[in-house]
Amino acid sequence: MGPGVKRLALLLALALAACSAGNQAPPQQAQAGDNWTNPGGDAGKSHHSTLADISPANVGTLGLAWQAELGTNRVLEATPVVIDGVMYTSGVAGRAYAFDASSGKELWRFEPEVDMQVNRTVCCDMANRGVAVANGKVYVAALDAKLYALDAKSGKVVWQANTVDDPQRGINSTGAPEVAGSVVVIGNGGAEYDVRGYVSAYDLETGKLAWRFHTVPRDPKLGPQDHPDLEAAVKTWDPDSRWDVGGGGTPWDAINYDPDTGLVIVGTGNGGPYHTARRSPKGGDQLYLSSLVALDAKTGRVRWYYQETPGDNWDFTATAPMILTRMTIDGQDRPVVLHAPKNGFLYIIDRRDGKLLKASPIVRVNWTKGIDPQTGKPIPNPEAADYASGPKIVFPATPGARNWHPGSYDPGSGLYFAPVQDMGNLLFMTPGRKPMTRKMLNNDAALLFGPMIAPLLGTLPPPIADAVRKLPALAEVQRLPFSSELRAIDPVTGKTRWAVPMQGWQDRGGVLTTASGLLFQGNLAGHLRVFDMKTGKLLKEIATGSSILAAPMTYRVGGVQYVAVMAAWGGGGYPYVPAYSAAYKHGNIGRILVFRLDGGPVPIPPELPPLEVAPPAPAQAPEVTPATIARGQALFFGNCVLCHSNQHRSITPDLRRMQPGTHDAFRQIVLEGLLLPNGMPRWDDVLKPADVDAIHAYLIDAQGKTRADELEKKRRGLPLDAPSLTVLSSF
Ligand code: CA
């Protein structure tokens, strides 16, 4: 290229930059104050506010300002956004809402038309983690991976884009869109199924696709990769990998735009199938699974990456929320990413170049022997954690030391606050399973979480149980099956300053901190709790009767500081409603709860009626044999159990309690989509009528046994809702 051409290119670039300047979103505020401009509150998503009107001295009078019931009973995970007195937030399957943030008056709501067939390939509930707001528009992704731009004043659709790149794969979307300069970036989920992960960037104004970055390569036999950076990545995979089922790496949550560097930092998901042996048989790091990948916001090209879990075998997504901030590390002030993903480490990474600065384990970790200080890479520990060679108890467990529940970073104290789970799980290759196929659940690993390992050991096939008894880690899970804590952590050393126990391993609500030294967190038992940030002392507890997982946020309108949180149980493992939760006791009415000083009491939803004995099961068809029931059970566990765990008070129907009408329509429900509008997909592409009849026979058998058991309990005056433990095949 001659100098003249170069100059022309430069002029062209300047002209383009000038054009796009008019399209730029207003810069996100450096710190959250009256406004909370994105689900993380500020440009770095620190979930920390400078507001201090509510303080340790007056928090005793905190009470309800307003509430809104959303008319849903599935999980709420979003942190609302408030801009100039208007609250924008998202709910089940990507519904969006706008409220007057001081009165609670609903301004509009948007309910996308979602083809509920998508539920076939949604692992972890019909979740949505929030909206992006820019240029008078509200951006939200629906569960079926359609991205919507809505008019912020009316909620009317300005444009929509279908982000699905391959309708044959089980793609969904649950994360919050992220505004990055003149584009809005959205990721996708589905690595529990057959998905190849990617993020897509759309023009804020027109919805035109600006760029797309696949997080993992495609089959090299198809020719050159569809993105130049993947030519390097494909060398880290076996050429004979299971490309047909996608490879995974889905960026389903954290995507942070860094205005300082112009980078979009993306957290990528686990590998699919789970175990390297079944995904990339010759091994390899398999870029960019389980990584932070920094992309140029203008082009989508990789500028740096840090792979947190090379060759992931353990569902160790790197999708947990990240925080962009500045920290003094070894005497040097640096712009950093703070990230605590599932794999048990808390990382500090330079956000200019991806250099690893610190990596501290914050829970028990045995998948690696530690991080090599020279290379920054984890040292493998196959003896302890590679379950291809036999069952292993791996720390942390697949739900992760950290997951999607937001933590908070307070720049004043330099402390990181987050719910942290310390738990292992038993993993073994599912015996006798056929290779994974398209749209099928990731099926190569069976697992049992920490508290279930010892009680259920005797129910496992004897060779597996015998091998587990020989594992040194068995004593460790027996000593401490799990701990779930709210913690204050010094991110530089990884040391915990204080910790408050939470109730169960699913109890891990998101966190808000404020400049007045308060920490707000909800719990599954239905309390909003306020702690002294310095000591962890509980200052105030408000009973709400609603289980809370989402992070609280705060804002100020008309001189009044409010704290808001969305409340409803669900997410990963959602059919297992914990018996200690408000959802179990009061149901799972989705609502937004907003608090202020001198507020009122929260209306508590009425208690659910006591459980009734399962209704009588119909007679089995004459041709049903024990073999039919066993085949039905296997089909049920292979296809149905992720949603229908058949637990008391499940969010989805407990199929041990089907009424006669449901039994009569069983085939139509499963094969013809009779209850599709309710969220029950059709299965006629996978299951034959005889398969459905076998599943039905298994459920009739289970219903009969449940009824007999419950009649006996009733006769003896025992409660019906004793917890039942089920082996989950995959998660
Ligand atoms: Ca996963």
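Predicted model only: the values in this text are computed from it and were never measured.

Each value, and the rule that gives it
- Residues numbered from 1 in each chain as written.
- Predicted model: local features only at pLDDT ≥ 70, side-chain atom pairs only at ≥ 80, totals over all residues.
- Heavy atoms only, no water.
- Helix = DSSP H or I, 4+ residues; strand = E, 2+ residues; numbered from the N terminus.
- Rg over C-alpha atoms; globule rule 2.2 N^0.38 Å.
- Buried < 20%, exposed > 50% of the residue type's maximum accessible area, 1.4 Å probe, protein only.
- Contact = heavy atoms within 4.5 Å.
- Areas by Shrake-Rupley, 256 points an atom, 1.4 Å probe, with all protein chains shown as cover.
- Lys, Arg positive; Asp, Glu negative; His and termini not counted.
- Charge placed at Lys NZ, Arg CZ, Asp CG, Glu CD.
- Expected span 1.5 Å × (residues − 1).
- Polar contact = N/O pair within 3.5 Å; in protein donor to acceptor, adjacent residues only side chain to side chain.
- 1 Å grid on protein atoms, 1.4 Å probe; cavity = no way out; pocket = protein on both sides within 12 Å on 5 of 7 lines; lining within 4 Å.
- Points joined across faces, edges and corners; volume = space filled by probe spheres on them.
- Nonpolar A, V, L, I, M, F, W, Y, C, P; charged D, E, K, R; others polar.
- Donors = N, O, S within 2.8 Å, 3.2 Å for Na, K, Ca; no water.
- Pairing = 2+ DSSP bridges.
- Axes fitted to C-alpha atoms, helices over the stretch in contact; angles between N-to-C directions.
- Phe/Tyr/Trp six-rings, centres within 6.5 Å; stacked < 30°, edge-to-face > 60°.
- Disulfide = S-S within 2.5 Å.
- pLDDT = per-residue confidence, 0-100.

A.B. asks: Explain the overall build of the protein chain to me, and be specific about the residues and the numbers.
C.D. replies: Looking only at helices and strands, one finds 12 helices and 41 strands in the protein chain. The C-alpha radius of gyration of the protein chain comes to 25 Å, within 12% of the 27 Å expected for a compact globule of 731 residues. Counting only C-alpha atoms and orienting by the principal axes, one finds that the protein chain spans roughly 85 × 65 × 50 Å. When burial is assessed residue by residue, the protein chain has 63% of its 731 residues classed as buried. Considering only contacts in the protein chain between residues 6 or more positions apart, those separated by 24 or more positions represent 63%. Total accessible area on the protein chain is roughly 27,000 Å²; 56% of this is exposed by carbon and sulfur atoms. Placing the 71 positive and 69 negative side-chain charges of the protein chain at their respective mean positions leaves the two points 2 Å apart.

A.B. asks: I'd love a proper account of helix α9 (residues 626–639), names of residues and values included.
C.D. replies: Its 14 residues place the ends of α9 20 Å apart at the C-alpha level, agreeing with the 20 Å of an ideal helix rising 1.5 Å per residue. Where α9 is concerned, the buried positions are Ile629, Gly632, Leu635, Phe636, Phe637 and Gly638. Elements in contact with the buried residues of α9: α12 (689–715).

A.B. asks: Please give an account of the environment of Asp507 that cites residues and values.
C.D. replies: Tracing the backbone through its elements, the reader meets Asp507 in the loop between β33 (496–501) and β34 (511–514). As a C-alpha pair, Asp507 and His696 span 189 residues in sequence and 34 Å in three-dimensional space. Discounting chain neighbours no more than four positions away, the residues touching Asp507 are Ser484, Met502, Asn523, Leu524 and Tyr580. A polar contact is formed between the side chain of Asp507 and the backbone nitrogen of Leu524, at a distance of 3.0 Å.

A.B. asks: Could you give me a rundown of empty space enclosed by the protein, with the residues and numbers involved?
C.D. replies: Applying the stated criterion across every chain yields a total of 7 cavities of 30 Å³ or more. Volume-wise, the largest cavity comes out at about 480 Å³. In terms of lining, the largest cavity is formed by 35 residues, of which the most central are Cys124, Trp252, Asn403, Gly571 and Gly572. Residue composition of the lining of the largest cavity, by class: 13 nonpolar, 15 polar and 7 charged. Counted as a void, the second largest cavity has a volume near 240 Å³. Here the lining of the second largest cavity is composed, by residue class, of 9 nonpolar, 4 polar and 5 charged.

A.B. asks: Any chance you could break down the coordination of the calcium ion for me, citing the residues and the numbers?
C.D. replies: Within the protein, the atoms that donate to the calcium ion are Glu192 (OE), Glu192 (OE), Asn270 (OD1) and Asp315 (OD), at distances of 2.2 to 2.8 Å. Judged by relative accessible area, Glu192 falls into the buried class, the value being 7%.

A.B. asks: Hey, could you go over the side chain of Asn646 for me, with residue numbers and the actual values?
C.D. replies: Looking at the secondary structure, you find Asn646 in the loop between α9 and α10 (660–664). For Asn646, the side chain forms a polar contact with the main-chain nitrogen of Leu655, separated by 2.9 Å. Not counting residues up to four positions away in its chain, the partners in contact with Asn646 are Phe636, Pro653, Asp654, Leu655, Arg656 and Leu699.

A.B. asks: Quick one: what's the story with the sheet that holds strand β11 (residues 178–180), residue by residue and with numbers?
C.D. replies: Pairing is antiparallel across the open sheet formed by 4 strands, whose spatial order is β11-β12-β13-β14. The open sheet has two edge strands with one neighbour each: β11 and β14 (209–214). Ignoring which end each strand starts from, the neighbouring axes of this sheet average 25 degrees apart. Here strand β13 (residues 198–203) pairs with β14 via 5 bridges, running antiparallel. Its bridge partner being in β14, Val199 is matched across the sheet by Phe213.

A.B. asks: Let's hear about the packing of aromatic side chains: which residues, and what values?
C.D. replies: A complete count under the given rule lists 20 aromatic pairs for this structure. Summarising the aromatic geometry, the rings of Trp314 and Trp367 are spaced 5.7 Å apart at their centres and angled 45 degrees between planes, so their arrangement reads as tilted. One end of the pair, Trp314, is in the loop between β20 (302–307) and β21 (322–329); the other, Trp367, is in the loop between β24 (356–361) and β25 (368–371), and 53 residues separate them in sequence. Residue Trp367 is classed as buried on the basis of its relative accessible area, which comes to 3%. Here the aromatic rings of Phe316 and Trp367 are separated by 5.8 Å at their centres, their planes lie at 65 degrees, and the arrangement is edge-to-face. Residue Phe316 is found in the loop between β20 and β21, and its partner Trp367 is found in the loop between β24 and β25; the two are separated by 51 residues along the sequence. The same class applies to Phe316 and to Trp367, which are both buried. Here a set of aromatic residues connected by ring pairs shows up, and it is made of Tyr306, Trp314, Phe316, Phe345, Tyr347 and Trp367.

A.B. asks: Let's hear about the state of the cysteines: which residues, and what values?
C.D. replies: A complete count under the given rule lists 1 disulfide for this structure. Disulfide pairing places Cys123 opposite Cys124 at an S-S distance of 2.2 Å. Torsion about the S-S bond of the Cys123 and Cys124 cystine: about -105 degrees, corresponding to left-handed handedness. Residue Cys123 is classed as buried on the basis of its relative accessible area of 16%. Here Cys640 stays free of any disulfide, with the sulfur of Cys643 as its closest cysteine sulfur at 8.8 Å. The exposure class of Cys643 is partly exposed, given its relative accessible area of 22%.

A.B. asks: I'd like a description of the pairing of β25, backed by residues and values.
C.D. replies: Pairing of β25 with strand β26 (residues 378–380), which is carried by 3 bridges, proceeds in the antiparallel orientation. Within β26, the residue paired with Ile371 across the bridge is Pro378. The antiparallel pairing of β25 with β26 creates a hairpin that spans 6 residues between the two strands, and Gly376 there sits at a positive phi of about 75 degrees.

A.B. asks: How would you summarise the confidence of the model for the protein chain if you had to cite specific residues and measurements?
C.D. replies: Confidence in the prediction of the protein chain, expressed as mean pLDDT, is 93, and 95% of residues score 70 or more. Taken together, the stretch residues 1–27 has pLDDT below 50 and engages in 15 contacts with residues farther than four places along the chain or on a different chain. Scored below 50 in pLDDT, residues 724–731 makes 36 contacts in the model with residues more than four places away or belonging to other chains.

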